Amino acid sequence: MQKLLKWTLDTIREKESAFSWMEEHRFAWAPLVNSAVSQILEGKTVLVMTDESRQWFGKYILQKVNDLEKHRPLLPFYPLGGCFPHLYTVKSKEDIQLLEDMLDISYPNGYYIWYIGKGDHAATKVAYRNDDNFLWLMDEEAQNSFHLRSSDPLLDIKLLQLYRLFDETLSAALFGDLDIEL
């Protein structure tokens, strides 16, 4: 079994040169992915949430993660907006607490939020509340998050590349080819 950081570097280098940008970011990436994949292996549910500009990407994740051609167990990934359609109207701490109480009841094995979007979006009030959430933030750096720039002309390609790396990491961990620290 390989360690995550080395496996990530090897996987990046196997891809076409258009993914070389990720080599310098792997040190920020590895701990976040380790946490996200570890939580999945522990049985937690992943609730995908995006800002409006990245809704296409949230749908892409949900469509691809449980593709039967991957020949791996089906995993509990759901759209947070599908569980709670009023998500973007939640503003007060009390409303956020009510939402978290509902999610705690709905997902007794635990859950975390995978947020992809602008760091100053209203939805981040929910995403920032737990350090275990998986955050891909645009235009803002925060602790325990992966930073991207919304002005990057290659942003959509980078998102797809990052998803592919995450998905391959998940498969490698599920099949015992990667040493994920639980």
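In the block above lies the structure referred to throughout.
Counting restarts for each chain: residues are numbered from 1 in the order of the written sequence. Since the coordinates come from a predicted model, pLDDT governs what is reported: local features require at least 70, and pairs of side-chain atoms require 80 or more to be given and counted, while whole-chain, interface and lining totals use all residues. With hydrogens and water excluded, all non-hydrogen atoms of the structure serve as input to the side-chain values.

For this particular structure, what's the right way to read the overall build of the protein chain?
Here a helix means four or more residues in a row that DSSP labels H or I, a strand means two or more in a row labelled E, and each is numbered from the N terminus. Check the secondary structure of the protein chain and you find 7 helices and 7 strands. Reading the protein chain from its N terminus to its C terminus gives the helix and strand order β-α-α-β-α-β-α-α-β-α-β-β-α-β. Radius of gyration here is computed from C-alpha atoms only, and the compact-globule reference equals 2.2 Å multiplied by the residue count raised to the power 0.38. The C-alpha radius of gyration of the protein chain comes to 16 Å, within 12% of the 16 Å expected for a compact globule of 182 residues. Taken along the three principal axes of its C-alpha coordinates, the protein chain extends 45 × 35 × 30 Å. Partly exposed describes any residue whose relative accessible area lies between the buried limit of under 20% and the exposed limit of over 50%, with all areas from a 1.4 Å probe on protein chains only and scaled to the type maximum. Counting over 182 residues, the protein chain shows a buried share of 47%. Considering only contacts in the protein chain between residues 6 or more positions apart, those separated by 24 or more positions represent 64%. Note on contacts: a residue pair qualifies if any of its non-hydrogen atoms lie within 4.5 Å across the two residues.

Looking at this model, I keep getting lost on the nonpolar core. Mind explaining?
Side-chain atoms within 4.5 Å link the members of a nonpolar core, which is a set of buried Ala, Val, Leu, Ile, Met, Phe, Trp, Tyr and Cys residues. Trp29, Phe77, Trp114, Phe134, Trp136 and Phe166 are the most contacted members of the largest nonpolar core, which has 39 residues in total. Of all elements in the fold, only helix 1 (4–14), helix 2 (26–41), strand 2 (45–50), helix 3 (55–64), strand 4 (111–118), strand 5 (134–138), strand 6 (145–148) and helix 7 (155–174) reach the threshold of two or more residues within this core. It is helix 7 that contributes the most residues to this core, 9 residues altogether. In this structure, Phe166 is in contact with Trp29, Val33, Ala36, Val37, Ile40, Phe77, Trp114 and Phe134, ignoring residues within four places of it in sequence. By size, the runner-up hydrophobic cluster in this structure holds 17 residues, among which are Ile96, Leu103, Ala127 and Leu135.

Where do I start with unusual backbone geometry in this structure?
Across residues other than glycine, the phi torsion is negative in most instances, and most of the peptide bonds are trans. In this model, Asp139 sits at a positive phi of 65°, which is unusual for a non-glycine residue. On the secondary structure map, Asp139 appears in the loop between strand 5 and strand 6. Of note in the backbone geometry, Asn144 takes a positive phi value of approximately 60° without being a glycine. The residue Asn144 is located in the loop between strand 5 and strand 6 in this model. For Asn144, a relative accessible area of 31% gives the class partly exposed.

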